[in-house]
Amino acid sequence: MAIIDFLDKIFGGKDEVTLKTCSVDESNDIYYKTLIAEASVNLITKTISRAEFQTFENGKETKKLNYYILNVEANKNKSASLFWRETIEKLLKKGEALILLQDNQMFLADSFTRNEFAFIENTYTNIAIGDYTLSDTKKESEVLYLKDNNSTISNAINGICNDYTKLINSSVKGYQNSKARKGKLKIPTNLPKTLQEEGKLQDHIQTTMADFMDPSKDAVYPETSGFEYTEVAESKGSKSNDSGRETKNFIDDVFDFMAISYGIPPSLLKGDTVDTKDAVNNFLTFCINPLAKLITDEINRKMYGYKLYKERTYAKLDTLNIKTVDLKDIANSIDLLNRNGALTIDDILRALGKEPIGGDIGAMRFITRNLEVLDKVAEEGSISSYRGGGDDGGEQD
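Cut-offs applied
- Residues numbered from 1 in each chain as written.
- Predicted model: local features only at pLDDT ≥ 70, side-chain atom pairs only at ≥ 80, totals over all residues.
- Heavy atoms only, no water.
- Helix = DSSP H or I, 4+ residues; strand = E, 2+ residues; numbered from the N terminus.
- Contact = heavy atoms within 4.5 Å.
- Areas by Shrake-Rupley, 256 points an atom, 1.4 Å probe, with all protein chains shown as cover.
- Polar contact = N/O pair within 3.5 Å; in protein donor to acceptor, adjacent residues only side chain to side chain.
- Core = buried A, V, L, I, M, F, W, Y, C linked by side-chain atoms within 4.5 Å.
- Buried < 20%, exposed > 50% of the residue type's maximum accessible area, 1.4 Å probe, protein only.
- Patch = residues over 30% accessible without salt bridge, like charges linked within 9 Å, V, L, I, M, F, W, Y side chains within 5 Å.
- Salt bridge = Lys/Arg side-chain N within 4 Å of Asp/Glu carboxyl O.
- Phe/Tyr/Trp six-rings, centres within 6.5 Å; stacked < 30°, edge-to-face > 60°.
- Pairing = 2+ DSSP bridges.
- Axes fitted to C-alpha atoms, helices over the stretch in contact; angles between N-to-C directions.
- Parallel < 35°, antiparallel > 145°, perpendicular 65-115°, else oblique.
- Nonpolar A, V, L, I, M, F, W, Y, C, P; charged D, E, K, R; others polar.
- Left-handed = near helix turned anticlockwise from the far one by under 90°.
- Expected span 1.5 Å × (residues − 1).
- Arc of directions from axis to C-beta.
- pLDDT = per-residue confidence, 0-100.

**Side note on the overall build of the chain**
When its secondary structure is counted, the chain shows 13 helices and 18 strands. Relative to all contacts within the chain whose residues are 6 or more apart in sequence, the contacts with residues 24 or more apart total 55%. Accessible surface computed for the chain: about 26,200 Å², of which carbon and sulfur atoms make up 50%.

Rendered as C-alpha cells:
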C-alpha cells in the first residue's frame, strides 16, 4: 500500500504532528485474462460437443459399439459429451491430453508422465485418474494422445496481457480519480490537548469526514475548533466518460488478442451479431475443424489401424451439423445436390437434423432425366455438336 504524506511537520519542534492519508491498493493482478481464456475454452468445447462421430465399415456408415462409445457413453461414469468437453478443455489449457482405452471404455487422465523415444513406442507412466494412480505402464498404441502445444503464442499472450494489465489499472485509476472528491483541510496550530497525538487526530478527521465524503449520503460537514474544509476543483484532463471508454477499449484489445490465439473470430467471442455467418464459418474452418482432424487421426490410427482404414473402416468427427440452419436457407442447395445424385435421402435427413431411415431406401440417390453419362449418350447417337455456332450454317460432326 502506497503511503503519501498528507501534512508533514505542521508544527515545529518536539510537538510536531504528522498526518498521513492512505491510497487505494494498486494490484497488478486482473481477472480479464482468466475471464477471456475461460470464455474461449468454453466456446470451443461446447462447439465440439455438438459434433458427431460417424463410424464406417467397408465404406458404409454403421452405428455399432464404437459409435456408442464415441457419441453416447464414454465410460460408466461419464457421457461422451461431457467427456469430450473435458478432453478439449485439458488439451487447450495444458497443451496435451491422454485418453486410456480399457474394457471398451475411454478414460481421461488427470496427470501422466510421457517418455519419448525415437525408434520404439513412447510409454506413459504415473498415470492418474482422479485419486487413483495406475501402477502399470501404457504404450503409445494403447492410448489416445492429443497434443496441441502452442507455448510460443502462450508466452506472447502472457506478455501482452501483462502490458495491458498496467494500462487497464492506470485507466481505472484515472476514472476513479475523475469521480473522487478532493479537498483541503485547514488545521489550527493550537490543537486541543485531546487531539495533539497523531493517531487521535487522524482518527478524529476520518470519523468527522466519513459521512461527509460518502457519496450515498447527504451530509453537512461541521467546521469546529478552527478546522476549515475547502473543496478542490476537478483538475483539467480527460473526462470521466473518456476514461471509462478507454478502459473498455483496452479490455476489447485483450479480447482480440486472446481470441486470435485460439483461432476464434473476436466478434464471435464478444457476442457481436454483425456478420455472424462469416464469423461462424471462419471459426469452424480455422479452429474447430483442425481440432476435429487431430482427434479423428488419433482415433483412426489407434482404434482402427492401417489394415481396417484401407478397407474404408474408420471413424470421422463430422462438424457439418454444428451450425443451426434455417430450412429455407438450404432448401435450394439440397434440391440441387439431390437431383444431381450428390446426396442420399439419409444425407438430406441428417442435414435437416432428422433421424435417417437407413436401409436401401435411405441410401438411394436420384438424378434428373436430362442428365446422363456422356459416353452412354454418345453411343446412342443422340449427341451432336456444331462448329461455327448457330442453327444457320453450322457444320455438324
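**Overview of the side chain of Q54**
Relative to the helices and strands, Q54 is located in strand β3 (residues 52-57). Engagement of the side chain of Q54 in a polar contact is seen with the side chain of D318, the distance being 3.2 Å.

**As for the nonpolar core**
I44, W84, I99, M106, I288, I295 and I299 are the most contacted members of the largest nonpolar core, which totals 48 residues. Ignoring any residue separated from it by four or fewer positions in sequence, one finds I288 in contact with I44, T47, I48, F283, T319 and I322. Membership of the second largest hydrophobic core comes to nine residues, among which are L98, L100, A109 and Y124.

**Considerations on the environment of A39**
Tracing the backbone shows A39 in helix α1 (residues 32-49). Separated by 230 residues in the primary sequence, A39 and L269 place their C-alpha atoms 7.4 Å from one another.

**Quick notes on a nonpolar patch on the surface**
A cluster of nonpolar residues, I357, I361, M364 and F366, forms a patch on the protein surface that exposes about 370 Å² of accessible area. Positionally, I357 belongs in the loop between α11 (345-351) and α12 (359-362).

**Section: the environment of I48**
Tracing the backbone through its elements, the reader meets I48 in helix α1. Given a relative accessible area of 4%, I48 falls into the buried group. When the C-alpha atoms of I48 and N289 are compared, they prove to be 9.2 Å apart, with 241 residues separating the residues in sequence. When sequence neighbours within four positions are dropped, the list of residues in contact with I48 reads I88, I288 and L291.

**Quick look at the packing of aromatic side chains**
One pass over the structure, following the stated rule, counts seven aromatic pairs. On the numbers, 6.3 Å between centres and 90° between planes, the contact of F112 with Y145 is edge-to-face. Of this pair, F112 sits in strand β9 (residues 111-115) while Y145 sits in strand β13 (residues 143-147), and the two are 33 residues apart along the sequence. The pair F112 / Y145 is uniform in exposure class, with both members buried. Among the aromatic residues, those joined into a ring-pair cluster are F53, F83 and W84.

**Structural notes on the sheet that holds strand β4 (residues 60-62)**
Strand order in the open sheet made by the three strands is β4-β3-β16, with antiparallel pairing throughout. This sheet does not close on itself; its edge strands, each paired only once, are β4 and β16 (314-318). Across the sheet, the mean angle separating the axes of adjacent strands is 40° when strand polarity is ignored. In this structure, β3 lies alongside β16, joined through five bridges in antiparallel fashion. By the bridge assignment for β16, T55 is matched with A315.

**Digging into the packing of helix α3 (residues 80-94) against helix α8 (residues 276-304)**
Any two packed helices are characterised by the angle at which their axes cross and by the distance between the axes. Interhelical geometry of α3 versus α8 gives an angle of 110° and a closest axis separation of 13 Å. Taken together, the axes of α3 and α8 lie roughly perpendicular to each other. Of α8, the residues touching α3 (which contributes W84, I88 and L91) are L291, L294, I295 and I299. By residue class, the composition of the contact of α3 with α8 is seven nonpolar, no polar and no charged.

**Overview of the packing of α1 against α3**
Axis separation between α1 and α3 bottoms out at 9 Å; the angle between their running directions is 140°. By the criterion of interaxial angle, the relationship of α1 to α3 is oblique. The two elements α1 and α3 meet at a crossing, and its hand is right-handed. Between α1 and α3, the residues in contact are E38, V41, I44, T45, K46, I48 and S49 and S81, R85, I88, E89, L92 and K93, respectively.

**Notes on α1**
Between the first and last C-alpha of α1 there are 26 Å, a value that for 18 residues agrees with the 26 Å anticipated at 1.5 Å per step. Here α1 has its buried residues at I36, A37, S40, V41, I44, T45, T47 and I48. One side of α1 holds all its buried residues, which, seen down the axis, span an arc of 165°.

**Digging into the pairing of β3**
Burial within β3 is extensive, with five of its six residues counted as buried. As paired strands, β3 and β4 are joined by three bridges and run antiparallel to one another. Within β4, the residue paired with E57 across the bridge is K60. Counting the residues between successive antiparallel strands, the hairpin from β3 to β4 contains two residues, one of them, N58, with a positive phi of roughly 55°.

**Notes on the confidence of the model for the chain**
Atomic detail in the predicted coordinates should be set aside for any region of low pLDDT. Looking at the chain, pLDDT values average 78 and 74% of them are 70 or higher. Averaged pLDDT values for the elements of the chain fall to 36 in strand β1 (residues 3-7) and rise to 97 in strand β8 (residues 105-108). Throughout residues 1-28 the model reports pLDDT below 50, and contacts reaching past four residues in sequence, or to other chains, amount to 45 contacts. Every residue in residues 383-397 is under pLDDT 50, and counting partners more than four places away or in other chains gives 14 contacts.

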